[in-house]
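# Chains, contacts and geometry: an overview
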Amino acid sequence: MTENQSVISSLENGVLKLTLNRPDKLNAFNEEMHLALRTGIERAHNEADVRTVLLTGAGRGFCAGQDLGDRDPRKSDEKPDLGHTLDTFYNPTLRLIRELEKPVVCAVNGVAAGAGANIAFACDIVLAARSAKFIQAFSKIGLIPDAGGSWSLTRILGEPRAKALALLAEPVMAEQAESWGLIWKAVDDDALLDAALAIADKLALGPTVGLGLTKRLIQAAGTQDLDTHLDMERDCQRAAGFTDDYAEGVTAFLEKRPAVFKGK
Ligand code: T3D
C-alpha cells in the first residue's frame, strides 16, 4: 500500500484501489490530489498486474470537485484561467479514465459534487451508497459543468434532465441516479465497498484485453455511424480472437470447467 497525503493506493488480486483522501474537504481536488490520482491511473495503464481500477473516497464524501479554497478571489487580484486548469488537471484525468483499456469501477461513498460527480460518471461501472447524492454544483458559483459533465449528462439523460440538473444544481440521490441510468446501482451504505470489490475482483479475473476492447467499442458507439462501427467491431473482434484468453475461454467451455484468464 502506498499512502500519501491525498490518494491512498493499493494493489490486490489485480485490483488497483485508489482512495481519494482529503476527507476534511470532502476529497475536493487540490493540485496534489490531481497529480496523485493521475499517477494512479497511469500506473493502471502501464502495469499488466493491474487488471481493474476501483475508485472511491475516504470519509463521508466521495469528492466535492475543485477545492474552492484554492480559488479564493479575496486572495488574488488576478482572475484565474480556469481553461488552463482544465487543460492541465481535469481533462487529462478524464481522458486517462476513458482511454484506459481496463475497467474502472467507482464506489461513490457519499456526496459527489461538481467535477467529483462527473469523474464518477466517466467511470465504467458506478455503484453508489444509498445515502450518496450527485450535485452539478457549478451553477451555484457561476461555472459550467466540466470534467465531461455537459457531455455525459446530455448523452445519458437527454437535454431536459441535463439542463435542469446543470441549471438548478439540485441534488440527485443515488436511487434516482440508478433509475435514470446515471449509475449502475445504488446499494446499502454498509454494503457499498464489498459490492464494489466483488465487481472489481470479478473483472480482474476476466479477459482483460476483450474487456478493454468492449469498453472502447461502447464508448465509440455514440459518435460514429453503424457502418464505421461494424468495421471497428470487426477489428476489435480480430484482436480479441488473437488473445490467449479467447483460446482459454473456448477450451474451458468445451472441457466444461471455469475459464482461467490471464489478461493476455
Ligand atoms: O477551478 C477550476 O479549476 C475549474 C474546475 C472546477 C471544477 C469544480 O468542481 S467547480 C465546483 C466546486 N465544488 C463545489 O462548488 C461544491 C462545494 N461544496 C458544497 O457545495 C458542499 O460542501 C457539498 C454539497 C459538497 C456538501 O455539503 P455538506 O453540507 O455535506 O458539507 P459541508 O459542511 O459543506 O462541507 C464539509 C467541509 O468540506 C467544509 O469544511 P469545514 O467547514 O468543515 O472546515 C467545507 O468547507 C469543505 N468543502 C466541501 N466542498 C469543498 C470544501 N472545501 C473546499 N472546496 C470544496 N469544493
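What you see is a predicted model; the values in this text were computed from it and never measured.

Rules used in this analysis
Residues numbered from 1 in each chain as written. Predicted model: local features only at pLDDT ≥ 70, side-chain atom pairs only at ≥ 80, totals over all residues. Heavy atoms only, no water. Core = buried A, V, L, I, M, F, W, Y, C linked by side-chain atoms within 4.5 Å. Buried < 20%, exposed > 50% of the residue type's maximum accessible area, 1.4 Å probe, protein only. Helix = DSSP H or I, 4+ residues; strand = E, 2+ residues; numbered from the N terminus. Contact = heavy atoms within 4.5 Å. Salt bridge = Lys/Arg side-chain N within 4 Å of Asp/Glu carboxyl O. Domains from an automatic or database assignment. Buried area = accessible area lost by both parts, 1.4 Å probe. Polar contact = N/O pair within 3.5 Å; in protein donor to acceptor, adjacent residues only side chain to side chain. Nonpolar A, V, L, I, M, F, W, Y, C, P; charged D, E, K, R; others polar.

## Let's talk about the nonpolar core
- Grouped together as the largest cluster of nonpolar side chains are 59 residues, with contacts concentrated most on F62, V108 and F134.
- Looking at which element gives the most residues to this core, the answer is helix α3 (residues 115-122), with six residues.
- Not counting residues up to four positions away in its chain, the partners in contact with V108 are F62, A120, V126, L127, A128, A129, A132, F134 and L192.
- Counting six residues, the second-largest nonpolar core is a separate cluster that includes L213, L217, C236 and A240.

## Observations concerning the pattern of salt bridges
- One pass over the structure, following the stated rule, counts 13 salt bridges.
- We note a salt bridge from R22 to D67, for which the minimum N-O separation is 3.0 Å. Highlighted residues: R22 in the loop between β3 (15-20) and α1 (31-46) and D67 in the loop between β5 (61-63) and α2 (82-99), separated in sequence by 45 residues. Pair check on accessibility: R22 and D67 agree, each one buried.
- Residues D235 and R238 are paired through a salt bridge, measuring 3.7 Å at the closest nitrogen-oxygen approach. Here R238 and D235 lie together in helix α9 (residues 226-241), a separation of three residues that amounts to about one turn.

## Thoughts on the domain arrangement of the protein chain
- What the domain assignment reports for the protein chain is domain 1 (2-204) and domain 2 (208-254).
- For domain 1 and domain 2, the distance between their C-alpha centroids amounts to 27 Å.
- The interface of domain 1 with domain 2 comprises eleven residues on the first partner and nine residues on the second.
- Buried area between domain 1 and domain 2, summed over both chains or domains, comes out near 860 Å², and the portion from carbon and sulfur atoms is 42%.
- Seen at the junction of domain 1 and domain 2, the total is two salt bridges.
- With a shortest N-O distance of 2.8 Å, D124 and K215 are connected by a salt bridge.
- Here domain 1 is connected to domain 2 by seven residue pairs in polar contact (both at pLDDT 80 or more).
- Partitioning the side of domain 1 that touches domain 2 into residue classes produces five nonpolar, no polar and six charged.

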